[in-house]
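# Summary of structural features
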Amino acid sequence: MDATATGGSRELADYLAMLKRRWWVVVAAAALGVAVAAMLVVVMPKTYSAFTVVNVTPTNLDSGSQSGKQQDINLQTEAQRVRSYDVAERVARNLHSQETPSALSASVSVNVPNNSTVLYITVNAATAVGARDRAHAFAQAYLDDRRDSATGVLMTQMGALQRQINSLSKQLRTMTDKVQKNLVVAQMQALNNKSSDLRVSAANVNPGQIITDARLPGSPSDPSLMRYLPSGFVGGLLLGVVLAILLDRTDKRVRTAQDIERVLDLPVLVDIKRGREGLGLLPARSRTGQSFHELSHVLTATLGHGNHVLLVTGAAPGRGGSHVAANLAAALARTGSDVLLVCADLGSSVAGEILGLPEGPGLSEVLLGWAEPPEVIRKNHGAPTLSAITAGANSELAAELLQREQMTRLIGSLRENYRFTVIEAPSTELGADAQALADLADAAIMVVEVPLARYDQVRDGVRRIDRMGAAVMGAVVLPVQDDKVSAPPPRPLPARTPPPLRERPAPPPAMPTTATAQSKYQAIEDAPTVLDMVAVSDEGAPPPKGRRHRPEPLPPASGEQSARSSAPARSTAQPRSELARSVEPPRQADPARPADAARPAEAAPRNDTAESARPAPADNSSAETAANPKVTWTT
């Protein structure tokens, strides 16, 4: 019983939602109905109505009773008698009308009130005077016809009595017996008395009377503005509801999450009710953010142990897939798993903007062979377990490489290093990129933006993903996202400019073989991100610190090579401490410390030209670096 009630309430809610979506159809139909009614009032010919009230009294025709009781009169029969041909013929004769009795009879209506002996005779005519005259004429003709009928019956009875009297008179002339003559005389006298009574009754027949005569109508009764306008409004409203239902049933666009479950039989994992403004990176404790947390737990429990690749694609082209992929990756990272977001939708940079990642080399450079994966992976200070590979700066050149072996090898190598690899794929409507990436994924999530996506797009997208062997876990439904990305302003950090993409300077000749060059994309990794901004609650607090390690030697700048070549070569037998100091990067002096304490006393002389050309170290705190010149902070 409860299930039935729930189903009924859902059905009612669906209809209410449908009316809310198609309200303009209902309003337009109602307005059209009112306009048509008003036009009919103006265009249609005017009709005037007048009525006459007649009180009907019993006669000898009513069951042969003279009691005058209501039950002696059948008023329904009398109402039909008013509209009879004989009465209409009398009216035509009295009014000298050219209309036929049938036409006159059609213009009359008779109403019989309950528990009364009156008749309401209403007559319609083209003019007010005609309506009044016809109403009076029909009432009078009805009474005259009723009187004539009663008188005719009495006269018929009187004629029969007179014939009996004449017959007895003839018999009396031939009779000789006195006794028989007396009997015939008595019989003739009785018949004469009865005939006299009938003559009196015929003279006093009272069929009824007019108690309310017809009056001249002041306005036409039809068409009536007060009757036509409400009728037109109600008719238009009903027509609008029917049209709204038909349009909604024939509409191929997805409107609600219930439509996906009802029409496509696809489970809805998350139903986002927010408006059209960009979702951005949802807070972890918000209601929608908790929905993504629930989704992350469901995916973790469903996929089980091991490393997995998740595909997020949209049924129709839009920004919803980027928003869902970024928030899903953030939710998975908050559970403590190592998560990598791969922005494989090369035509969109929304995911990187949501995470606050600056523009730079990314997936397109890896596919083109211009960079290695470790060089383009962006770390996130706020969530140490979340990394991302953005679309890159050469997406147009790498657009055709998503379906080749480079992408297969890349995803295979990333699967080994990350618990979850979330791939933001283009829409299944745009081409075969989503299908090619689905072949590399273990599960897929379909993003449906309402009312942008159509039923056939969602159905075809699910079928294409299923054909590649990736299980479609369900759909994430959200409103159409605009081009606004909700992200907090970046927290100011020391500026770090990454070196050019492929200009790798050659290592110096005196560089020890055991020292490794600092990654040229370390500055990009240390750039501020949205999650880092969320994690830092105080603007002035130092950024989070990682583990400490000794600084790695930096390669010389482009102008430093010539300076080093002119300087005298260092002795290979130089002590290790002197060599370490010779490759230490310059640091900024702490204003809180004396000038002589900012530089170690045992620092070896360095080439000022070469040292000035070196970039600043990619540390997280200038004050901490100055205080500990041999220690840098990384995440």
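Just above sits the structure.
A few points on the structure. (Residues numbered from 1 in each chain as written. Predicted model: local features only at pLDDT ≥ 70, side-chain atom pairs only at ≥ 80, totals over all residues. Heavy atoms only, no water.)

### Observations regarding the side chain of Ser322
On the secondary structure map, Ser322 appears in helix α11 (residues 320–334). Residue classification places Ser322 among the buried positions, given a relative accessible area of 2%. One polar contact links Ser322 to Ser348, side chain to side chain, over a distance of 3.4 Å. With near-sequence residues (within four places) excluded, Ser322 lies in contact with Ser348, Val350, Ala351, Ile354 and Glu424. (Helix = DSSP H or I, 4+ residues; strand = E, 2+ residues; numbered from the N terminus. Buried < 20%, exposed > 50% of the residue type's maximum accessible area, 1.4 Å probe, protein only. Polar contact = N/O pair within 3.5 Å; in protein donor to acceptor, adjacent residues only side chain to side chain. Contact = heavy atoms within 4.5 Å.)

### Overview of the sheet that holds strand β8 (residues 378–379)
Sheet strands pair by backbone hydrogen bonding; their relative direction is either parallel or antiparallel. One open sheet accounts for eight strands, arranged β5-β12-β11-β6-β10-β7-β9-β8; its pairing is mixed. Looking along the sheet, the strands with just one partner apiece sit at the ends: β5 (268–271) and β8. One ladder, built from eight bridges, connects strand β11 (residues 443–450) with strand β12 (residues 471–479); its direction is parallel. Opposite Val448, over in β12, you have Val477 as the bridge partner. Contacting β5, β11 and β12, helix α9 (residues 257–264) runs over the sheet at an angle of about 165 degrees to β5. Against the sheet, helix α17 (residues 455–467) engages β6 (308–314), β11 and β12, with an angle of about 170 degrees to β11. (Pairing = 2+ DSSP bridges. Axes fitted to C-alpha atoms, helices over the stretch in contact; angles between N-to-C directions.)

### Considering the nonpolar core
Core analysis: the largest hydrophobic core is formed by 50 residues, its most contacted members being Leu311, Leu363, Met407, Val448 and Val458. Non-local contacts of Leu363, meaning those with residues more than four positions away in its chain, are made with Val342, Cys343, Ala344, Leu346, Ile389, Thr390, Ala391, Gly392, Leu402, Met407 and Leu410. Counting 39 residues, the second-largest nonpolar core is a separate cluster that includes Val270, Phe292, Val312 and Val422. (Core = buried A, V, L, I, M, F, W, Y, C linked by side-chain atoms within 4.5 Å.)

### Comments concerning a nonpolar patch on the surface
On the surface, a cluster of nonpolar side chains totalling about 550 Å² of accessible area is made up of Leu32, Val36, Met39, Leu40, Val42 and Val43. Residue position: Val36 is located in helix α2 (residues 23–43). Taking the relative accessible area as the measure of exposure, Val36 reaches 35% and is therefore partly exposed. (Patch = residues over 30% accessible without salt bridge, like charges linked within 9 Å, V, L, I, M, F, W, Y side chains within 5 Å. Areas by Shrake-Rupley, 256 points an atom, 1.4 Å probe, with all protein chains shown as cover. Salt bridge = Lys/Arg side-chain N within 4 Å of Asp/Glu carboxyl O.)

### Things to note about the sheet that holds strand β3 (residues 118–125)
Spatial strand order, β2-β3-β1-β4: four strands in an open sheet with antiparallel pairing. Unpaired on one side and paired on the other, β2 (108–111) and β4 (208–212) mark the two borders of the sheet. If you compare each strand with its neighbour and ignore which way they point, the axes differ by 30 degrees on average. Packing against the sheet, helix α3 (residues 75–82) makes contact with β1 (48–56), β2 and β3, and its axis sits at approximately 25 degrees to β3.

### Quick notes on the packing of helix α4 (residues 85–95) against helix α6 (residues 128–174)
It is the contact of α4 with α6, at a shortest axis distance of 9 Å, that shows an interaxial angle of 125 degrees. By the angle between their directions, the pair α4 and α6 is classed as oblique. For α4 against α6, the interelement crossing comes out right-handed. Note on element contacts: α6 touches α4 through Asp133, Arg134, Ala137, Phe138, Ala141, Tyr142, Asp144, Asp145 and Asp148, opposite Asp86, Val87, Ala88, Arg90, Val91 and Leu95. When the residues that make up the contact of α4 with α6 are grouped by side-chain class, the tally is eight nonpolar, no polar and seven charged. (Parallel < 35°, antiparallel > 145°, perpendicular 65-115°, else oblique. Left-handed = near helix turned anticlockwise from the far one by under 90°. Nonpolar A, V, L, I, M, F, W, Y, C, P; charged D, E, K, R; others polar.)

### Structural notes on unusual backbone geometry
Looking along the chain, the bond that leaves Asp222 and enters Pro223 is cis, with omega of 0 degrees. Within the secondary structure layout, Pro223 lies in the loop between β4 and α8 (225–250). Look at the link from Val450 to Pro451: it is a cis peptide, with omega at 0 degrees. Here Pro451 shows up in the loop between β11 and α17. We note that Asp265 has phi near 55 degrees; this positive angle belongs to a residue other than glycine. Locating Asp265 in the fold gives a position in the loop between α9 and β5.

### Some thoughts on α11
Given a rise of 1.5 Å per residue, 15 residues ought to cover 21 Å, and the 21 Å separating the end C-alpha atoms of α11 matches this to within 8%. Burial analysis of α11 places 14 of its 15 residues in the buried class, which makes it a mostly covered element. Looking one or two residues past α11, Gly336 carries a phi angle of roughly 100 degrees, positive in sign. (Expected span 1.5 Å × (residues − 1).)

### Regarding the packing of aromatic side chains
Applying the stated rule across the entire model yields one aromatic pair. Geometrically, the ring pair formed by Phe51 and Tyr120 is tilted, given 6.1 Å between the ring centres and 35 degrees between the ring planes. Placement of the pair is Phe51 in strand β1 and Tyr120 in strand β3, with a sequence separation of 69 residues. Under the relative-accessibility criterion, Phe51 is labelled partly exposed at 41%. Overall, the relative accessible area of 33% leaves Tyr120 in the partly exposed class. (Phe/Tyr/Trp six-rings, centres within 6.5 Å; stacked < 30°, edge-to-face > 60°.)

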